[in-house]
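Structural characterization, general
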Amino acid sequence: MDRETAIGRYGIAGYQAAIGTAIVGGVFAVVIAALLGVHLYRYHVTDPRDAAALEKMKEQAKAYPADQTLSQEIVVLDARLRRDQLARLQFLKRGTFLLVGAAALCVGALIWSGGYNRLPLPCQRVDRKAEQITTARRIRTALTFSLVIAASGSLFWSLYTPAKMKLQNGDADKQAAGGPALEEDRSFAAMDEIVNQWPCFRGPQGLGISPFKDIPIDWDSAGGKNIKWKSSIPLEGHSSPVVWQNRIYVTGANADQQQVFCFDADTGKLLWTGDVAVADKTGRADMNISEDTGYAASTPVTDGRRVCAIFAGGDIACFTVNGRLLWQKSLGIPDSMYGYASSLTFYEDAVIVQWDVGSEPGQSRLIAFDWQTGQIKWQTPRPVPNSWSSPTVARVAGIDCVLTAASPFVIAYEPKTGREMFKIESVEGDIASTPIVADNRIFALEPYQKLVAIEATGASGNLTAAIAWQADGAMPDICSPIADGPYIWTLDSGGELSCYKVADGSKAFSASLKLQFEASPSLAAGRLYLLSTTGTMVIADAAGAYKEIGRCSINEPCFATPAFAEGRIYIRAKTNLFCIGAK
Amino acid sequence: MSRGLVLSCMAVWVAVNGFAVQRFPPPEFDSGYSIPTVTEPAARGEWLAFLDVAVLVAALGLAAWLSLKKRSRKGIVALMVFSLLYFGFWRRGCICPIGAIGNVTYALFDHAYAIPWFVTAFFFLPIAAAIFFGRSFCAGVCPLGALQDIVLLKPIRIPVWLESSLRLAAWLYLSLAVLYAALGSAFIICRYDPLVAFFRFTASPTMWTVSILTLALALFVGRPYCRFLCPLGIILRQVSRISRQQVTITPDECIHCRLCEDACPFGAIQKPTEEWPTSEHAPGSRRLLLYILLLPVLIAGGAALGYLAHPKLAALDPAVELAGEVRQFQNEQGHRMSDEVQAFQASGISMEHVYREADDKVHQFAIGASLAGGWMGLVAGGSLILNSVFWRRHSYEPHRSGCLACGRCFNACPHHRMQNRIKAEKIMEAGIRGS
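This write-up is about the structure you can find in this document.

Rules behind the numbers
- Residues numbered from 1 in each chain as written.
- Chains lettered and ligands numbered in written order.
- Predicted model: local features only at pLDDT ≥ 70, side-chain atom pairs only at ≥ 80, totals over all residues.
- Helix = DSSP H or I, 4+ residues; strand = E, 2+ residues; numbered from the N terminus.
- Buried ≥ 20, exposed ≤ 12 C-beta atoms within 10 Å, placed from the backbone.
- Contact = placed C-beta atoms within 7 Å.
- Expected span 1.5 Å × (residues − 1).
- Bend = angle between axes of the 7 residues up to and from the residue.
- Pairing = 2+ DSSP bridges.
- Axes fitted to C-alpha atoms, helices over the stretch in contact; angles between N-to-C directions.
- Parallel < 35°, antiparallel > 145°, perpendicular 65-115°, else oblique.
- Nonpolar A, V, L, I, M, F, W, Y, C, P; charged D, E, K, R; others polar.

Brief notes about the overall build of chain A
When its secondary structure is counted, chain A shows seven helices and 33 strands. In chain A, which comprises 583 residues, the proportion classed as buried is 45%. Restricting to contacts in chain A with at least 6 residues of sequence separation, those with at least 24 account for 56%.

So this is what it looks like as structure tokens:
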């Protein structure tokens, strides 16, 4: 039926009604199609099933399964997203229904009007010969152009567009040759690996001693002399850097954020930043944090496979060396007078946390987490109140043990089981310094009062301990001692450097450096490295008499103990990380 | 009338499907809601597969009869409506002969894959029909074609040169479909079916968008998917070149009235040709020789392009994708663990195995993509050669390979109308005599 037939059959009014209906149906269909298009685009951009907020909360929930508030928030958000999703699907179905209905109306009306069919009309007469030749030529030209365009497009796509697939040639061979595993790298660092790194607070065994001889003795940040690089640290912290091969890890935090940073040791480039979620925001707001401690006072640990960090709010997290979060846990907001500040240590496949909290004994524990999974391997209650001292793994009487100091005990634990090996009442007060081992003796400090030497004897894990000697004096309240065998040095916050004989505790010398100190002293190449709060490093001979070699400055406040590597010193200042070494 | 019926049926179908199951993963936490036990739907009865094949055979036969003997456009449209409802909305577009290309190819290259008999039947029956009757499947049996055909409101004419170029896309699509299926990577024809969203009322947002755009395009361009993308269409085109019977515009001798010239919205009516001018003989021969000599170059060039593209093409393979995901997750900070990587972790399969498998697959893609590229070079060269040869025609004819046997041109032919009128008058007379 054509237009004339339709007018003849239904009259002009019927024809006009049909055309009107077709227009309305068509416009409606276009509007619905446009709305559906917008809806689909929005759906594509914000698919509720991929809601980032929900995913993040679920990740947090895995780390803190006991957090009821978080669980409730997840339930509410999940329900809302489900409602959104169902509404979207309903919208889609209704929209499709309306679209097809409107299209049907439009087509039906067009059929009614006779506009859908039309009588055939002969085309204009043309010169067929010329048309044949022209058409054939156009086809060949178009095919040639298409080929050129397709080939260019294919070439561009192959060579210049980014590949979605990140597989690289030889991955299988690398993996077969012992590449890192995805799920679990159960290996742990051997002792001969550790001694050449700076894996924890004060380096191997927490002694503060570097095995390297070519440590710089002359630098100046003002002129850039021997400053290999300097990089900004995004968040502040009093924690020290730790180093494993060509990577440096530091932590930083404020009231809202907690992060682990990884820097390239050669260039100072920030390689990655690992976020550690704040588990208890409410409790964190009420936390008692001293300015001298801050939110990131605890030094992280690394075994070259992973890096683990703990923060003042009791959040502990472990990352791969490439920055992938392996696990995160919360130990709860610690009851600590100045804020939690104990650094981590490790033994084989365990990260060890000295969780000394509470104003009275009863809440403190020593906890060993599995490096890879975060599962608790063992935990042992400790009969001490809050302390700020760090645990250290050292060899005493030929036996590996975890040494701790907190009022009133120095306690040694078996690192594989957490069994207490010995406990000796020796130090009192707010203990912040870390015990060290020198000449087969354990040394611990009681702030403002005394230096204690403890003799441990025994075999097969059955140790007994006794105080060998104690030296009274104005002992440090923050800085840990350092010893090289014959001598042990202490450095108090006011800059008083004292030296005692390891053998009997007699004082060899005392010197005032006229500077303030919070970083613990270090020893490298027979020299003492003493970093003041102003950023001035005092370098002196490690000998029984005070002989200053020099003073170098980076002109920035420093509170963290520096880390040492071959030919380099890494200093964490208030806002920057410095690499001291030949350029 | 028939179009109104189709659209009404579609509208009803949409309303029924409005109550379909909504997909969303169950909650991962205890919300107090008890999730009902998962029940598996019963397997589809074997007799239904027989029914599908029987319906396909009947529909193909009917389409051939309607287009070749009955010459009824209305009958063809009625068959389209039935096919749209049965193969489209009832069977939800699966299994369809177009998608079966993937299954058959995969079965040829992987003997461990047991291809169901009815899938094989669905693939071969339209081809067998094309050998005897031309593109009967495209005429009224294919639900995709039917949907596009029915919504064609205001067809615009695509120039022949453009149509020839765009058809290369269908060749490319077929090559890629065979490549991916042969290597067991994906059935891309099914995955990227542009109209299945309408049959199932569910698809990804991207595929919904593609579906709506395809249908919108089909309002003005006659069957765009069939002409410029359909991989089965490419196969049927070649087969129908040698088919025993072909659709004719006129039931009698062509009187060159030129009324049918404009009737075909698919550009499948070829005009009669004159003698090739003598002045064109020598340059035409030289051109033909040049294209024949260029053919190996085009094949080699295509193979080289295919080889260069193989790493990107391989990225769609699940093994390569998984290896890439694993590697990315292993090496990149902050990369979220995908479901695939989680499943891989749980499987206990070694990473070396995953990487090795991906390496093997990439190597296979290097060979396959080179072959596919070479094949595309051959197709392009062949097209150039075919368009350099003069073909003599004495009357208006449907294109042997391009005609979709839709029957639109029948009514444009005065002979056809005359015969129908005579038939109608005879029927009326018989009726009067009978009464």
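Quick notes on the overall build of chain B
Scanning chain B from N- to C-terminus turns up 18 helices and two strands. Relative to its 435 residues, chain B shows a buried fraction of 43%. In chain B, 83% of the contacts between residues at least 6 apart in sequence involve partners at least 24 apart.

Re helix 3 (residues 73-90) of chain B
Spacing of three or four residues puts side chains on the same side of an α-helix, whose turn is 3.6 residues. Residues and elements named next belong to chain B. The end-to-end C-alpha separation of helix 3 is 24 Å, in line with the 26 Å expected for 18 residues at 1.5 Å each. For helix 3, the principal kink sits at L84 and spans about 25°. Among all positions in helix 3, only I76, V77, L79, M80, V81, F82, S83, L84, F87, G88 and F89 are buried. Phi for R92, located one or two positions after helix 3, is positive at around 55°.

Some words on the pairing of strand 33 (residues 576-580) of chain A
Residue and element names in this part refer to chain A. Burial analysis of strand 33 places four of its five residues in the buried class, which makes it a mostly covered element. Looking at chain direction, strand 2 (residues 227-232) and strand 33 are connected through five bridges and run antiparallel. Along strand 33, the bridge assignment pairs I227 with I580. Bridge count for strand 32 (residues 568-572) against strand 33 is four bridges, and the pairing is antiparallel. In the strand pairing of strand 33, R572 is matched with L577.

Considerations on the sheet that holds strand 28 (residues 527-531) of chain A
Read from one edge of the open sheet, five strands run 1-27-28-29-30 (chain A), paired in mixed fashion. Single-partner strands in this sheet number two, and they are strand 1 (209-210) and strand 30 (548-553) of chain A.

Some words on the sheet that holds strand 15 (residues 392-396) of chain A
Residues and elements named next belong to chain A. Strand order in the open sheet made by the four strands is 15-16-17-18, with antiparallel pairing throughout. The sheet terminates laterally at strand 15 and strand 18 (420-425), the two strands that pair on one side only. Neighbour to neighbour, the strand axes of the sheet diverge by 30° on average, direction disregarded. Examined bridge by bridge, strand 17 (residues 409-413) and strand 18 share five bridges and lie antiparallel to one another. The residue bridging A412 from the neighbouring strand is F422, located in strand 18.

Some thoughts on unusual backbone geometry
Between S407(A) and the following residue, P408(A), the backbone shows a cis peptide bond with an omega angle of 5°. Structurally, P408(A) can be placed in the loop between strand 16 (399-406) and strand 17. A cis amide bond links C94(B) to the next residue, I95(B), at an omega of 0°. Positionally, I95(B) belongs in the loop between helix 3 and helix 4 (100-109).

Some details on the environment of L81(A)
Residue and element names in this part refer to chain A. When you line up the elements, L81 lands in helix 3 (residues 68-113). Residue L81 is classed as partly exposed on the basis of its 18 C-beta neighbours within 10 Å. Spatially, the C-alpha atoms of L81 and A51 are 8.2 Å apart, while their sequence positions differ by 30 residues.

Points about the environment of C138(B)
All names here are of chain B. With respect to the secondary-structure elements, C138 resides in helix 6 (residues 136-141). In this structure C138 comes out as buried when scored by C-beta crowding, with 29 C-beta atoms within 10 Å. Distance from C138 to A63, taken between C-alpha atoms, is 9.0 Å for residues 75 residues apart in sequence.

Brief notes about helix 2 (residues 46-70) of chain B
All names here are of chain B. The terminal C-alpha atoms of helix 2 lie 34 Å apart, and with 25 residues this matches the ideal 36 Å at 1.5 Å per residue to within 8%. When we look at burial in helix 2, the residues that qualify are L56, A59, L60, L62, A63, A64, L66 and S67. Contacts from the buried residues of helix 2 go to helix 3, helix 5 (117-133) and helix 6. Just beyond helix 2, the residue with positive phi is R71, at close to 50°.

Points about the packing of helix 8 (residues 160-182) of chain B against helix 13 (residues 231-240) of chain B
All names here are of chain B. Interhelical geometry of helix 8 versus helix 13 gives an angle of 110° and a closest axis separation of 8 Å. By the criterion of interaxial angle, the relationship of helix 8 to helix 13 is roughly perpendicular. Contacts from A170, W171, Y173, L174 and A177 in helix 8 reach P231, G233 and I234 in helix 13. Grouping the constituent residues of the contact of helix 8 with helix 13 by class yields seven nonpolar, one polar and no charged.

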